[in-house]
Amino acid sequence: MQLPLVVGVDGSEPSLRAVDWAADEAALRGVPLRLVYASLWELPIEGPALATGLGRSSEQVLADTIVEAAAKRAHRREVDVKISTEVLPEEPVPALLREGRTASALVLGSRGRGGIAELLLGSVSLAVAARAACPVIVLRGSHGNRADSVMRGPVVLGVGEEPENAAAVRFAFQEAAQRRVPLEAVRAWRCPGYQTTDHPLMAGEPARLHEERAVQTLDAALRDAPEGVELHRRTAEGPARKVLLDASADAGLLVVGARPRHGHFGLQLGRVAHAVLHHSACPVAVVPQRA
């Protein structure tokens with residue numbers, strides 16, 4: 001049984017871009033596409049003008065219209081992709097998390113219809129990325145056409161520490177192979193300030209050791225690299241967030257592993273995943289450790 005690619009839709013421009021991207025991705029993977037609209041609404045006391053059936057609120061009518069339009073849009077883009085739709089009268093986050101249990105991946109826009117409270121990244125996208133059981137792909141990128149095709153640019157993989165790294169590595173290799181693009185595996189490293197010294201005999205030694213460890217981490221993460229994928233390995237000095245954001249400028253997809261952490265507001269993403277989800281110049285795939 002092929003697990004579908006699930007897209008959260010709400011009629012906003014970012015969600016429509018997510019539909020376009022996901023339709024291309026579903027065609028590339030050869031999997032079904034599932035479009036999901038989730039929102040709480042109240043049954044009308046007095047039937048509003050937009051309601052067309054007994055007990056159907058204007059919000060229900062709007063939801064049906066949105067998913068129908070999204071399905072037609074996806075079908076026009078990829079006529080051979082099998083498409084299904086679902087309208088769920090519940091909060092978006094729990095609905096999408098449940099959908100993710102039987103999905104190959106969840107695809108979300110960077111923002112929804114929430115307005116000023118979601119200036120950087122939509123609260124729904126951030127919450128789902130932190131808690132989903134499957135990879136979550138958020139359509140980042142400020143350029144209008146950056147998410148129009150899954151074929152553009154290399155796949156960039158941010159290589160972290162085990163065990164959160166393994167699932168992301170497998171996912172990145174799979175995506176690069178499907179797109180027939182290179183995979184650029186990047187490991188950032190930093191030399192703590194207390195290890196630096198001005199002594200001429202020690203100059204550069206701490207940095208060299210940290211860079212060597214970064215190379216070893218890359219080698220260990222990529223030891224099971226499949227044949228047929230063009231692989232580029234790179235270590236870079238600096239904060240991982242900055243290194244990956246710089247790499248996203250020319251990438252088609254940025255892949256990071258995630259091991260959610262418990263915070264004051266429940267499960268939260270680590271700093272690197274959080275930063276790239278807010279500021280990446282290309283779509284970001286957050287792959288959970290348990291995937």
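What you see is a predicted model, and the numbers here were worked out from it, not measured in a lab. (Residues numbered from 1 in each chain as written. Predicted model: local features only at pLDDT ≥ 70, side-chain atom pairs only at ≥ 80, totals over all residues. Heavy atoms only, no water.)

Some remarks on the environment of Asp20
Locating Asp20 in the fold gives a position in helix 1 (residues 13-29). C-alpha separation for the pair Asp20 and His75, spaced 55 residues apart in sequence, amounts to 9.7 Å. Beyond its immediate chain neighbours, meaning those up to four positions away, Asp20 contacts Arg73 and Arg77. (Helix = DSSP H or I, 4+ residues; strand = E, 2+ residues; numbered from the N terminus. Contact = heavy atoms within 4.5 Å.)

Considering helix 2 (residues 58-77)
Helix length check: helix 2 (20 residues) gives 29 Å between terminal C-alpha atoms against 28 Å at 1.5 Å per residue, within 8%. Of all the positions in helix 2, only Gln60, Val61, Ala63, Ile66, Val67, Ala70, Ala71 and Ala74 are classed as buried. Packing partners of the buried residues in helix 2 comprise helix 1, strand 2 (33-38) and strand 3 (83-88). (Expected span 1.5 Å × (residues − 1). Buried < 20%, exposed > 50% of the residue type's maximum accessible area, 1.4 Å probe, protein only.)

Some points on the pairing of strand 4 (residues 105-109)
Extensive coverage of strand 4 is indicated by the burial of five of its five residues. Residue alternation in strand 4 divides its side chains into two sets, Ala105, Val107 and Gly109 and Leu106 and Leu108, and both sets are buried. Judged from the three bridges that link them, strand 1 (residues 5-8) and strand 4 form a sheet pairing that is parallel. Directly across from Val7, in strand 4, lies its bridge partner Val107. Strand direction decides the pairing type here: strand 4 and strand 5 (residues 136-139), joined by four bridges, are parallel. For Leu108, the partnering residue across the bridge sits in strand 5 and is Val138. (Pairing = 2+ DSSP bridges.)

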